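Architecture and fold: a report
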Amino acid sequence: SFPRRRGLPQKRAIRDVKKVVAVSSAKGGVGKSTVAVNLALAFARRGIKTGILDTDIFGPSIPTLLNLSGEPRLDENNCLVPLTNYGLKSMSMGYLLPQTQSDSPTGEVPMDTTPITWRGLMVTKAMHQLLHSVSWGPLDILVLDLPPGTGDVQLTINQEVIIDGAVIVTTPQDIALRDAVRGFGMFQRMDVPVLGMVRNMAYFACPNCGHQTRIFSHGDGEHSHCEDHGVVAECKRLGVDFLGDIPLDAQVCEDADRGMPTVVAEESADRSARRQAFLDVA
Ligand code: ADP
């Protein structure tokens, strides 16, 4: 065994959690949080005890997606008590750092008079608290909504807690896919098994005629013009599972905006294709 380098935090399992599954994307805006929250709800719907931890510092979206707000209370052990909706426990930077852009109605970062070093310390402290001091109770799966990117923050989180597997979310666009491959490389270097890739916004299904258009497609799908190109081909090349397609669908976006993710919103619609897409990935 290697001697532990001084100064590095000890990597630990998250207390009372059986498996930690990170949902990641190398790039912002590809639908990582939307996929993460719908996956978590799909697990919860199957009777699996599930929680979701939002570690996005600058754009926490889980509070909006789950229609939750307010400061979490502390239990007798000084641990944060998760906020729950739709049977899913959640904890987010958004609950701890009220001065972030998610609270600004214009989406802009509000004027913050806190000196930048203090702000940095607050973020570090809040992150530590999120990773180590939440009373999840017994959970089968904790879905970790990672901040977008393949840099220091992801590395730090991986140095602090044991991640059992990672799901990479991408769109079919070349540029997103190239970034996703970079994300795969990051997890390999961190020794985190990649469970698979999800292709979000894979196609647009016309609500009137049902015709599917692969808007961002470039080599993927039936109209592929180059077989060794695209998300499915890349998965094969990397030896990673392709977990499925989520359509680009205005209703998915609307569900997210009103704080009732598609998996919950369409519970009564047995054959809803958009809901089924998330369930299939789960
Ligand atoms: P990320 O976490 O990667 O930054 P989000 O999950 O916040 O991305 O999604 C970005 C935006 O795209 C949100 O407005 C979300 O509602 C929308 N969106 C995500 N996935 C889909 C989809 N499959 N169809 C339509 N809109 C989507």
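These remarks concern the structure in this document. Here the structure is a predicted model, which means the values were calculated and not measured. (Residues numbered from 1 in each chain as written. Predicted model: local features only at pLDDT ≥ 70, side-chain atom pairs only at ≥ 80, totals over all residues.)

1. Re the packing of helix α1 (residues 32-45) against helix α10 (residues 273-281)
At a closest axis distance of 9 Å, the pairing of α1 and α10 adopts a crossing angle of 75 degrees. The pairing of α1 with α10 is recorded here as roughly perpendicular in orientation. Contacts between α1 and α10 involve Asn38, Leu39 and Ala42 on the former and, on the latter, Phe278, Leu279 and Val281. Partitioned by chemical class, the residues of the contact of α1 with α10 number five nonpolar, one polar and no charged. (Axes fitted to C-alpha atoms, helices over the stretch in contact; angles between N-to-C directions. Helix = DSSP H or I, 4+ residues; strand = E, 2+ residues; numbered from the N terminus. Parallel < 35°, antiparallel > 145°, perpendicular 65-115°, else oblique. Contact = placed C-beta atoms within 7 Å. Nonpolar A, V, L, I, M, F, W, Y, C, P; charged D, E, K, R; others polar.)

2. A word on the site of the ligand
In the neighbourhood of the ligand, 18 residues make up the surrounding shell, with Gly31, Lys32, Ser33, Thr34 and Cys253 lying closest. Of all elements in the fold, only α1, β7 (194-205), β9 (242-248) and α8 (250-257) reach the threshold of two or more residues within the shell around the ligand. Its residues assigned to classes, the shell around the ligand shows eight nonpolar, eight polar and two charged. (Near = placed C-beta within 6 Å.)

3. Topic: the nonpolar core
The biggest cluster of nonpolar side chains holds 73 residues, and the ones touching the most others in it are Val23, Leu39, Ala40, Leu142, Val143 and Leu144. For this core, the leading source of residues is α1, giving nine residues. (Core = buried A, V, L, I, M, F, W, Y, C linked by C-beta atoms within 7 Å. Buried ≥ 20, exposed ≤ 12 C-beta atoms within 10 Å, placed from the backbone.)

4. Thoughts on the environment of Leu139
Inspection of the secondary structure assignment puts Leu139 in strand β5 (residues 139-145). Residue Leu139 is classed as buried on the basis of its C-beta count, with 20 C-beta atoms lying within 10 Å. Between the C-alpha atoms of Leu139 and Ile48, which are 91 residues apart in sequence, the distance is 8.0 Å.

5. So, α10
What α10 keeps buried is the set Arg274, Arg275, Ala277, Phe278 and Val281. For α10, the buried positions fall inside an angular range of 155 degrees around the axis, keeping them on one side. Opposite the packed face of α10, turned more than 90 degrees from it, sit the exposed residues Ala273 and Asp280. Those residues of α10 that are buried are in contact with α1, β7, β9, α8 and α9 (262-265). (Arc of directions from axis to C-beta.)

6. Comments concerning unusual backbone geometry
Of note, the phi angle at Asp16 is positive, near 70 degrees, even though the residue is not glycine. Relative to the helices and strands, Asp16 resides in the segment before β1 (17-24).

7. Examining helix α5 (residues 152-160)
All buried positions along α5 are accounted for by Gln154, Ile157 and Asn158. Axial view of α5: buried residues confined to an arc of 95 degrees, hence all on one face. With respect to the buried face of α5, the exposed residues turned more than 90 degrees away are Asp152 and Gln159.

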